[in-house]
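These are the residues of each chain, in order.
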Amino acid sequence: MTATIIIALCLLLLVAYVFDVSASKTKVPAVILLLISGWAVKQLATWWGVSLPNLSAVLPILGTIGLILIVLEGALELEFNASKTGILLQSTVVALVPILALSAGLAAAFQYFGNTSFKTALTNAIPFAVISSAIAIPSVQRLGKQQREFVTYETSLSDIFGVILFNFVTLNDEVSAGSFGYFVVELVITLFITIVATLALAFLLAKSKHPIKFLPIIIMVVLVYAVTKLYHLPGLIFILLFGLFLGNVQELSQFSLIQKLQPETLHKEVHKFTELTKEIAFLVRSSFFLLFGFLIKTEELLDTSTMLWAVGVVAGIFAIRALTLLVCKQKLFPILFVAPRGLITILLFLSIPLEQSVSVANNSLVIQVIAITAFIMMFGLMGAKTAVEKT
């Protein structure tokens, strides 16, 4: 039995690799195929009468590690200098405004139809307002450099803003000057941790002569994030800034403190570190979406009682996104379609306290919104070839 499971896992991961490699030619995002593959494996296992343990508890763990690695992977590849100020400001607006607008609108609907308080409704609405960087970033690798940068900034910031807003709403019984003050203190603490941890990890990366040093650094990055999450601090800010710092260390070489890190040597080490991060991110990301597909229940996916809600939520997502992109003078095609819900939506949804759950926002609605936005992204990117070639 053990050998059979190992063979199955190896085959599934190799298939995931084929999906990833062939995505540029098939125009189908690998995550769509991974979800379908996971669901198909579940149907085959049921048909053959194979009894498998409940793996739902593994999903949040894989999801959290995957989120860390994907944001880190994206940040390591971003160039950050004065010329990037415009795209950073635009991506910040496109990330933040839809979260606030969609969360407020959806919360009002949940409050009315769910007969609950606005705060509880808002807690359930926020997960639907956050773009999944875990799906978006790997799916746009065939687009132009500027579009890839915009999506990486936007989706990473969307994850960060979403987590911060979700924690703020769930952990505060009421919005007051005191709660905002505590929130500002949390941000200051997070930035302090980020500066200290970033310099310490960069020093370790530059100075360590041991042949095994990249994996311990990744483990420490996950550890720092887990500690910040334990104290409800926005740890994704640390991940994003740590990756930006390492990826742009040569831009900071004029500072005496950075010179002590030997930026030329560190740059070479960062390149190796980036390659390893990509490899591990692929493994964790593929495992997560295969497992999520495996855990999808067909009856929840096809639940007609929530289908109208799902269509309404998706319509709101793309209407607000289109308006925000137009205001920011961004081309709609194909960026408009890159608004998938996924890993972060699942993680936030699973984090909703039981006493704050709303019957309207259930598993079926989450699964349907994720599926619909993923397929919209897929068809949007499939039609993006001509647009990319003309630019």
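## Notes on helix α14 (residues 304-327)
Two residues of an α-helix separated by three or four positions point the same way, owing to the 3.6 residues in each turn.
Phase 1 of the analysis: Taking 1.5 Å per residue as the helical rise, α14 with its 24 residues ought to reach 34 Å, and the 35 Å between its terminal C-alpha atoms agrees with that figure.
Phase 2 of the analysis: Those residues of α14 that fall on the buried side of the exposure criterion are Thr-306, Ala-310, Val-313, Val-314, Ile-317, Phe-318, Arg-321, Ala-322, Thr-324 and Leu-325.
Phase 3 of the analysis: On the buried face of α14, the contacting elements are α4 (85-114), α5 (118-129), α7 (145-171) and α16 (363-382).
Phase 4 of the analysis: Two residues or fewer after α14 comes Lys-329, characterised by a positive phi angle close to 60°.

## Notes on the packing of aromatic side chains
Phase 1 of the analysis: Going through the model one piece at a time under the given rule, you end up with 13 aromatic pairs.
Phase 2 of the analysis: Look at Phe-214 and Phe-273: their rings are 6.3 Å apart centre to centre, the planes differ by 50°, and that puts the pair in the tilted class. Of this pair, Phe-214 sits in helix α9 (residues 214-230) while Phe-273 sits in helix α12 (residues 263-295), and the two are 59 residues apart along the sequence. Of the two residues, Phe-214 and Phe-273, neither departs from the other in class, the shared state being buried.
Phase 3 of the analysis: Judged by centre distance (5.0 Å) and plane angle (85°), the ring pair of Phe-288 and Phe-289 falls under edge-to-face.
Phase 4 of the analysis: Looking at Phe-288, the relative accessible area reads 0%, which means it is buried.
Phase 5 of the analysis: Owing to a relative accessible area of 2%, Phe-289 belongs among the buried residues under this scheme.
Phase 6 of the analysis: What links up through ring pairs into an aromatic cluster is the set Phe-110, Tyr-112, Phe-113, Phe-128 and Trp-309.

The rules we used
Residues numbered from 1 in each chain as written. Predicted model: local features only at pLDDT ≥ 70, side-chain atom pairs only at ≥ 80, totals over all residues. Heavy atoms only, no water. Helix = DSSP H or I, 4+ residues; strand = E, 2+ residues; numbered from the N terminus. Expected span 1.5 Å × (residues − 1). Buried < 20%, exposed > 50% of the residue type's maximum accessible area, 1.4 Å probe, protein only. Contact = heavy atoms within 4.5 Å. Phe/Tyr/Trp six-rings, centres within 6.5 Å; stacked < 30°, edge-to-face > 60°.

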